[in-house]
Amino acid sequence: MSKVVREPLPGGVVPDPIELFKSTLEELLDDVVPYLLAGVGQMVIVVPLVFVLIFFLYFVMFGTMFGGIFVGIAAAAVTGEVLGDDAAGLVFMLTYLGTWAVMLAAMVFVAVFIGAVLAPTQASLVRRVAEHQRGGRKLDFTACFSDAFLDLPSVVGVTLLVGTLFAVGMLLCYLPGLVAIVLLGFASSLVVLHRMGPVHAARTSVAHVMANPGFHGMFGLLYFATSMLAAYIPIIGTMFLMALHVRAARTLFGDGEEAVVVI
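This is a predicted model, so every value here is computed, not measured.

Thresholds applied
Residues numbered from 1 in each chain as written. Predicted model: local features only at pLDDT ≥ 70, side-chain atom pairs only at ≥ 80, totals over all residues. Heavy atoms only, no water. Phe/Tyr/Trp six-rings, centres within 6.5 Å; stacked < 30°, edge-to-face > 60°. Helix = DSSP H or I, 4+ residues; strand = E, 2+ residues; numbered from the N terminus. Expected span 1.5 Å × (residues − 1). Bend = angle between axes of the 7 residues up to and from the residue. Salt bridge = Lys/Arg side-chain N within 4 Å of Asp/Glu carboxyl O. Buried < 20%, exposed > 50% of the residue type's maximum accessible area, 1.4 Å probe, protein only. Arc of directions from axis to C-beta. Contact = heavy atoms within 4.5 Å. Polar contact = N/O pair within 3.5 Å; in protein donor to acceptor, adjacent residues only side chain to side chain. Core = buried A, V, L, I, M, F, W, Y, C linked by side-chain atoms within 4.5 Å.

Draft legend 1. Main features of the packing of aromatic side chains. One pass over the structure, following the stated rule, counts five aromatic pairs. The structure contains a cluster of three or more aromatic residues connected by ring pairs, namely Phe186, Phe215, Phe219, Tyr223 and Phe253.

In structure tokens, the structure reads:
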């Protein structure tokens, strides 16, 4: 008989990250088939879409690069005719550097756009994982699209907000991006599970991290280490990461309609 109790959580608790990891693993292994079905459903829908979007990303990258080089050559040729070879070389160099800047900006835009496109299915899966963990509907093949249109503007909005801050931070020597993802790590959960607005959710996440840096630092490290291992376990690895994050959000903020925020 199962020893795992699936019930709503009251929230307002800052757990031990290791115990959180253990309880999530126990719950997943207690009934792994629903997680497997949900993961397969996600893979069938998301993987083809990701391939299309990645192709679009490379198209933007190479289109920007070769377009910039063509413009640079044309601008240098015109400048050379008027001001000489030195000026032409300077114009080409500036155009080349500008092309790289535009390409990086385009990559950030497309990466954030990809996240926004995938956000509804991800949000649906998060809701269903939370429901499964508290003893409601079991996960199944349809989990990633059964609630995909719920609170769509807020879901896409928080994804754009967090994704943009993370991407820009990563361009600024990585560290600001890592800080942003820790500070905003539970913003999307607050939107998806408690129907907060994106800005309110971001502020709440940041405030909770600032009030509980020990937990969020340890949980972030544990989550990162687990993600490296999970990458080698198809489907179940990804589902465990989601289950871990959802259980953490439920423990911190509860299962009620309103988030329980204890700071």
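Draft legend 2. How the structure looks around helix H2 (residues 32–83). Taking 1.5 Å of rise per residue, 52 residues should cover 76 Å, and H2 covers 71 Å from first to last C-alpha, within 8% of that figure. For H2, the principal kink sits at Val46 and spans about 30°; a proline, Pro48, occurs within the next four residues. Following H2 by one or two positions, Gly84 has its phi on the positive side, about 105°.

Draft legend 3. The pattern of salt bridges, seen in detail. The final tally for this structure, using the stated rule, is nine salt bridges. Two residues, Arg6 and Asp30, come together in a salt bridge whose shortest N-O distance is 3.2 Å. One end of the pair, Arg6, is in the segment before helix H1 (17–30); the other, Asp30, is in helix H1, with 24 residues separating them in the sequence. Of the charged contacts in the structure, one is a salt bridge between Arg134 and Asp255, with a shortest N-O distance of 3.2 Å. Here Arg134, found in the loop between helix H3 (85–133) and helix H4 (152–171), pairs with Asp255, found in the segment after helix H9 (236–253); they are 121 residues apart in sequence, far enough to count as distant. Taking the relative accessible area as the measure of exposure, Asp255 reaches 19% and is therefore buried. Salt bridges sharing common partners tie together Arg6, Glu27 and Asp30.

Draft legend 4. Layout of H1. In this model H1 runs 20 Å from its N-terminal to its C-terminal C-alpha over 14 residues, within 8% of the 20 Å that 1.5 Å per residue would give. By the burial criterion, the buried members of H1 are Pro17, Leu20, Thr24, Glu27 and Leu28. For H1, the angular spread of buried residues about the axis comes to 95°, placing them on one side. On its buried side, H1 packs onto H2, H3, helix H8 (213–230) and H9. Put simply, Asp16 is the residue that caps the front of H1, since its side-chain oxygen is 3.0 Å from the backbone nitrogen of Ile18.

Draft legend 5. Structural context of the nonpolar core. Residues Tyr35, Leu125, Val129, Leu139, Phe186 and Phe219 are the most contacted members of the largest nonpolar core, which totals 38 residues. Of all elements in the fold, only H1, H2, H3, H4, helix H6 (187–194), helix H7 (198–211), H8 and H9 reach the threshold of two or more residues within this core. Apart from residues lying up to four places away in sequence, Leu125 is in contact with Ala38, Gln42, Leu139, Ala143, Cys144, Met239 and Met242. With ten residues, the next largest nonpolar core counts Met103, Ala106, Val110 and Ile114 among its residues.

Draft legend 6. Structural detail: the environment of Gln42. If you trace the backbone, Gln42 turns up in helix H2. Since its relative accessible area comes to 12%, Gln42 is described here as buried. C-alpha of Gln42 to C-alpha of Phe141: the two residues are 99 residues apart in sequence and 7.8 Å apart in space. Residues contacting Gln42, with those up to four places away along its chain left out, are Val47, Gln122, Leu125, Cys144, Thr238 and Met239.

Draft legend 7. Structural context of the environment of Ala230. Positionally, Ala230 belongs in helix H8. On the basis of relative accessibility, which here comes to 8%, the residue Ala230 falls in the buried class. Spatially, the C-alpha atom of Ala230 lies 28 Å from that of Ala201, the residues being 29 residues apart in sequence. Ignoring anything within four residues of it in the chain, the contact list for Ala230 reads Gly237 and Leu241.

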